[in-house]
Amino acid sequence: MARKRYLFTPGPTPVPEDVLAATAAPVIHHRGPDFKRLLAETLGRLQQVCRTDNEVILFTASGTGAFESAVANLLSPGDRVLAVSQGEFGERWHKLASAYGADVTPLSYAWGETPRAEDLAAALSSTPADIVFVVQSETSTGVVADVQALAAAAKDADALVVIDAVSSLGAVPLETDAWGIDVVISGSQKALMTPPGLAIATVSAAAWERSESVTSPRFYFDWRRYRKALEVGSTPFTPAVATVAGLNVALGRLLDEGLENAFARHAALGRACREGAKAMGLELFSPDEERSAVVTAILTPEDVDARELVLALRDRHGITVAGGHGEMASRLFRIGHIGWFDVFDITIALAAVELVLVDMGAQIETGAAVTRALEAYAEAVTAA
Ligand code: PLP
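Description of the structure in this document. A quick note: this is a predicted structure, and the numbers were derived from the prediction, not measured.

## As for the site of the ligand
- Near the ligand you find 13 residues, and of these Ser 62, Thr 64, Thr 139, Asp 164 and Lys 190 are the closest.
- In this structure, Gln 189 approaches the ligand through a side-chain N or O atom, which is 2.8 Å from an oxygen atom.
- Lys 190 places a polar side-chain atom, nitrogen or oxygen, 2.5 Å from an oxygen atom of the ligand.
- Going through the elements one at a time, helix H3 (63-74) and helix H4 (88-99) are the ones with two or more residues in the shell around the ligand.
- At three residues, H4 tops the list of elements feeding residues into the shell around the ligand.
- Here the residues of the shell around the ligand are counted per class, giving three nonpolar, seven polar and three charged.

What follows is the structure in C-alpha cells.
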C-alpha cells in the first residue's frame, strides 16, 4: 500500500474531496449556458469572500499572473510605485514593476519584520507615488501586515493600493471596500482550497479609470478584454473550466462556514502551531501574534540544517512542509495552515517534526508539543 502523504505547505494546500470531485466532473464548454451560470456564481462568491462590490476578474494563471495584470493595467513606463517589502514576495513585485519600466521606490524591512503604516506615510510624503503595493501575508516569513492601516496611509497620500492577498484571502480578514483597496490579487491554491491554476484581481472604479490611459503593452492580461467578455457572462480566452468548477464548490464551503468563523479557525490554528513549536523548545521566526494565522515559520536548533529536516519529513513520514527562502534556507522551515486544515493536521506536523529532530540528535523537549498545541487550540476557540 502506498504510504499516506500529507501536504502542510502554505500553497498548494490540501483540497477537500467535494472540490476534487467537482474538478473531475465531465468538462463543459466555456461558451455554453452551464459555464455562464458557473462563472456568474463563482464571481459572486468571490465578491463575497473579498467583501467587495467591485468587479472580479478571473484569470487562468497563477497569482503572479494576476499581479502582472495589475502592473500592466495600472502603470505606464516611468510611473511611480512604492513597494512595501518584507520578504520574497514584496521583492518580487518590485522586480515585476521594474520590468515594466516603473520607477519603483522600495520600503524595505528585514525579513520577519512587520511593515508600519507610519513608515509608509513618511515614505510617501518624501517620495510620492501613484501606486502602493502591499503584501498582506508574506508567506516567506509568516508576517501578516496590518493592511487596513497601510491602505489608509496610501489613500491619505492619494495613491491607489494593490494588495497581494495570495496566501491570505479567506484566512485572515480583508475588507476590500471598507478599507478602500483598489486591487486585491489572490490565487486558487492557498486558503481557497482549490488546485493551482486560477487567479483573481478585484478592480475598483479608480483602478478602471486609470487603466484606460495606461500605455504598457498588454494582451492576455488586458483587464478591458475580461470586462467586455463579462458583459455577456463569458471570458475572453478558454478558462480552466474544471478548476473553476472546483473553486466554486470551495468558495461555497468557505461561505457556509462563514468568513468570521474561518478567520477564527485560522487564528486558532496559528496559535496551536506556535505554542506547540515553542513547547518543543524551538524558536519562532514568524511573529508570535494573532494575525500570524497563515503559516508558521520556525527556526531549527542551531546545529540542525532545516533542509535536511524538510527532506527527512518527506522521505520518512510522507509529510511535506515548506523550507526557507534565500538566506534563511539552512535554518527555517514553515508549516502552512490555510484552507482545509484542522488542529489534527497541526499535531501530525508537530509530532513528525519532533520525531525527526530527535533522530537528528537535536536537544529538544519531547512529548510536550502535541499536548500544548491541542490546549492552545482549545483556549483560542473558547476565547473566540
Ligand atoms: N504572493 C504570495 C504572498 C504568495 O504566497 C505567492 C505564492 O506562494 C505568490 C504571491 C505567488 O503566487 P503564484 O506562485 O501562484 O504565482
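Alright, that's what it looks like, and here's the rest.
## With respect to the packing of helix H5 (residues 117-126) against helix H6 (residues 147-156)
- Packing of H5 against H6 brings their axes to within 8 Å, and their N-to-C directions diverge by 15°. Classed by the angle they form, the pair H5 and H6 counts as roughly parallel. The hand of the H5/H6 crossing is right-handed. Of H6, the residues touching H5 (which contributes Ala 117, Leu 120, Ala 121 and Leu 124) are Ala 149, Leu 150, Ala 153 and Ala 154.

## A short note on the sheet that holds strand S9 (residues 183-187)
- Taken in spatial order, the seven strands of this open sheet run S2-S10-S9-S8-S5-S3-S4, and their pairing is mixed. Where the open sheet ends on each side, the last strands, each with one partner, are strand S2 (55-60) and strand S4 (103-108). Averaged over neighbouring strand pairs, the angle between their axes works out to 20° when direction is ignored.
- Bridging between S2 and strand S10 (residues 198-203) involves six bridges; their strand directions are antiparallel. Residue pairing in the sheet places Ile 57 in a bridge with Ala 201 of S10.
- Contacts from H4 reach strand S3 (80-85), S4, strand S5 (131-135) and strand S8 (160-164), with the element oriented near 150° to S5.

What counts, and where the lines are drawn
Residues numbered from 1 in each chain as written. Predicted model: local features only at pLDDT ≥ 70, side-chain atom pairs only at ≥ 80, totals over all residues. Heavy atoms only, no water. Near = heavy atom within 4 Å. Polar contact = N/O pair within 3.5 Å; in protein donor to acceptor, adjacent residues only side chain to side chain. Helix = DSSP H or I, 4+ residues; strand = E, 2+ residues; numbered from the N terminus. Nonpolar A, V, L, I, M, F, W, Y, C, P; charged D, E, K, R; others polar. Axes fitted to C-alpha atoms, helices over the stretch in contact; angles between N-to-C directions. Parallel < 35°, antiparallel > 145°, perpendicular 65-115°, else oblique. Left-handed = near helix turned anticlockwise from the far one by under 90°. Contact = heavy atoms within 4.5 Å. Pairing = 2+ DSSP bridges.

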